[in-house]
Amino acid sequence: MADNEVKYGLAGVVADDTAISKVMPDINSLTYRGYKVQDLATKCRFEEVAYLIWNGDLPTQTQLDTLNVVERKERGLSRDLHDVMAKFSSHAHPMDTLRTAISFLGQEDPTTDDSTPGGLYKKSVRMYAKIPEIVAADFRRRNGKAPIAPDPDLDFSENFFHMCFGEVPKPEIIKCFDISMTLYAEHSFNASTFTARTIASSTSDIYSAVTGAVGSLKGPLHGGANEAVMHMLTEVGDPDNARDWMLTALKEKRKIMGFGHRVYRSGDSRVPTMTDAYKKMVDVIDTEEAQKYWEISRILDETMVGEKGIYPNLDFPAGPSYYLMGFEIPMFTPIFVISRITGWTAHVMEQLASNKLVRPLSNYVGAPQRDVVDIASREEKK
Ligand code: COA
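The structure displayed is predicted, hence computed values, not measured ones.

1. Focus on the overall build of the protein chain
Then comes step 1: Each helix and strand in the protein chain was counted, giving 16 helices and 3 strands.
Then comes step 2: Against the globule reference of 21 Å for 382 residues, the protein chain gives a C-alpha radius of gyration of 22 Å, in line with a compact fold.
Then comes step 3: Oriented by its inertia axes, the alpha-carbon framework of the protein chain measures out at about 75 × 55 × 45 Å.
Then comes step 4: Of all 382 residues assigned to the protein chain, the portion counted as buried reaches 49%.
Then comes step 5: Of the roughly 18,800 Å² of accessible surface on the protein chain, a fraction of 52% belongs to carbon and sulfur atoms.
Then comes step 6: Of the side chains in the protein chain, 44 bear a positive and 53 a negative charge, and the two mean positions are spaced by 4 Å.

Here it is, written out as structure tokens:
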């Protein structure tokens, strides 16, 4: 490309090397550290995938046990953080409260600026252990309920349900959630990950990098799409309306949430696994509501692909899955964070292992160079 050619949205720009994940849109595949994400989602628990993303290889039983012991020790929030969270505004979006809480974790860690490999790993596990409790406690606060303490006898996904609802659901529901955790964990240089790497590149601390990434993920063109999908499904309301709703929306040139992808052009490799887990969960729940949302999703998918050839992305099956698990819609993107913290922190570690400050150029299109005139001589522009 010519030196001065602008690549809007950095589309097509290769910004750095990574050994964490590989997106292969031409063969519709995504691997984490060389393993197909579909295999990881169905054959491993999320804890194993977290270990893999950070360490480069799947853990042995002993390595997994060690990670789990550390994660369980790191569960629990300080009294100060609980007190701060109690003061959060009742109208705040949970992504805003989560962003503030993660920033708080950073300022209460006396070793915030320790960016040695060991220090970064410790902080990554710390955030991985504490973020689910922040999301759960904030959910309960919004509903006027006291937080529920983590249970050291429960695994990662079970413990999250316990902290939200005080109980652990059926294994198929846990499995669906756990699969979503694996599928959401990592996706190369997406906007939030690149934000985290950009912040880390100034040799700022890892909490700052993650706080910035949360802000980036919040947007509906990125992580916020799983919430928008559920709003769309509730707006459609009935399978009988689904096809016409989609045709009208396309005629009105509306952006359909949960469809399309900057990188995948013929389908998102994570979707079949998530859709399969969603369907299995729907059959286990087997309520009229669950079957209704499944049918609406199926018809919207079929119509969009048939009419426009634009395929669903992971947010499309994940949104209704989370809804049917009992989570409020504004929790969907914070749940994404519970998983993506692994990818973000692995990228921060990778960035700092061979760091180069991120500093692209810009193409100036503003006013030509001119002289400053005295304030009395300036004229107001009409
Ligand atoms: N609904 C309707 N049309 C869509 C669409 C969608 N979800 N996604 C893409 N298109 C259309 C665009 O309007 C464009 O049409 P045009 O050529 O007539 O203008 C064409 O497909 C190409 O799309 P483009 O805008 O170049 O894709 P992009 O790479 O810039 O955008 C997304 C990718 C993800 C931002 C975009 O698909 C989108 O906004 N999707 C909905 C939000 C979402 O689900 N985000 C989660 C991503 S994982």
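2. Digging into the nonpolar core
Side chains that are nonpolar tend, in soluble globular proteins, to be buried together.
Then comes step 1: By size, the foremost hydrophobic cluster in this structure holds 105 residues, and its most contacted members are F160, L300, Y322 and F327.
Then comes step 2: When residues no more than four places from it in sequence are discounted, the contact partners of Y322 are F177, S180, M181, Y184, N226, F327, F332 and I335.

3. Remarks on the side chain of T112
Then comes step 1: With respect to the helices and strands, the residue T112 is situated in the loop between α5 (94-108) and α6 (117-142).
Then comes step 2: On the accessibility criterion, T112 (13% relative accessible area) is buried.
Then comes step 3: There is a polar contact of 2.3 Å between the side chain of T112 and the backbone oxygen of G106.
Then comes step 4: Non-local contacts of T112, meaning those with residues more than four positions away in its chain, are made with G106, K123, D205 and Y207.

4. Thoughts on helix α13 (residues 271-285)
Then comes step 1: The end-to-end C-alpha separation of α13 is 21 Å, in line with the 21 Å expected for 15 residues at 1.5 Å each.
Then comes step 2: Of the residues making up α13, those classed as buried are V271, T273, M274, A277, Y278, M281 and V282.
Then comes step 3: Buried residues in α13 make contact with α1 (37-43), α8 (171-184), α14 (288-308) and α15 (315-324).
Then comes step 4: Positioned one or two residues after α13, D286 has a phi angle of 50°, which is positive.

5. Brief notes about the site of the ligand
Then comes step 1: In the vicinity of the ligand, 18 residues are found, and the nearest of them are K255, I256, G258, F259 and R262.
Then comes step 2: At a separation of 2.8 Å, an oxygen atom of the ligand approaches a polar side-chain atom of R262.
Then comes step 3: N313 places a polar side-chain atom, nitrogen or oxygen, 2.9 Å from an oxygen atom of the ligand.
Then comes step 4: Its residues assigned to classes, the shell around the ligand shows 8 nonpolar, 5 polar and 5 charged.

Conventions adopted
Positions within a chain are numbered from 1, following the residues in the order the chain's sequence is written. Per-residue local features of the predicted model are confined to residues with pLDDT of at least 70, and side-chain atom pairs are confined, for both listing and counting, to 80 or more; whole-chain, interface and lining totals are unaffected and use all residues. Excluding hydrogens and water, the side-chain values take into account all heavy atoms of the structure. Note on conventions: DSSP H or I runs of at least 4 residues are helices, E runs of at least 2 residues are strands, and numbering of each starts at the N terminus. Here the globule rule is a power law, 2.2 Å times the number of residues to the power 0.38, and the radius of gyration is based on C-alpha atoms. Per-residue accessibility, obtained with a 1.4 Å probe over protein chains only, is compared with the maximum for each type, and a residue is labelled buried under 20%, exposed over 50%, and partly exposed between these values. Using a 1.4 Å probe, the Shrake-Rupley method yields the accessible areas, and only the shown protein chains count as cover for residues. The charged-residue count follows a simple rule in which Lys and Arg add positive charge and Asp and Glu add negative charge, with His and chain termini not counted at all. Charge positions are represented by NZ for Lys, CZ for Arg, CG for Asp and CD for Glu. We call a set of buried residues a nonpolar core when its members are Ala, Val, Leu, Ile, Met, Phe, Trp, Tyr or Cys and they connect through side-chain atoms within 4.5 Å of each other. Contacts: residue pairs with any heavy atoms within 4.5 Å of one another. Counting of polar contacts relies on pairs of N or O atoms within 3.5 Å, with two restrictions inside protein: one atom must be capable of donating a hydrogen and the other of accepting it, and residues adjacent in sequence are counted only when both atoms are side-chain atoms. Here the expected length of a helix is defined as 1.5 Å per residue gap, with one fewer gap than residues. The criterion for a residue being near a molecule or strand is simple. One of its heavy atoms has to lie within 4 Å of it. Residues are sorted three ways: Asp, Glu, Lys and Arg are charged, Ala, Val, Leu, Ile, Met, Phe, Trp, Tyr, Cys and Pro are nonpolar, and all the rest, Gly among them, are polar.

Interpretation in functional terms is not warranted from these geometric data alone.
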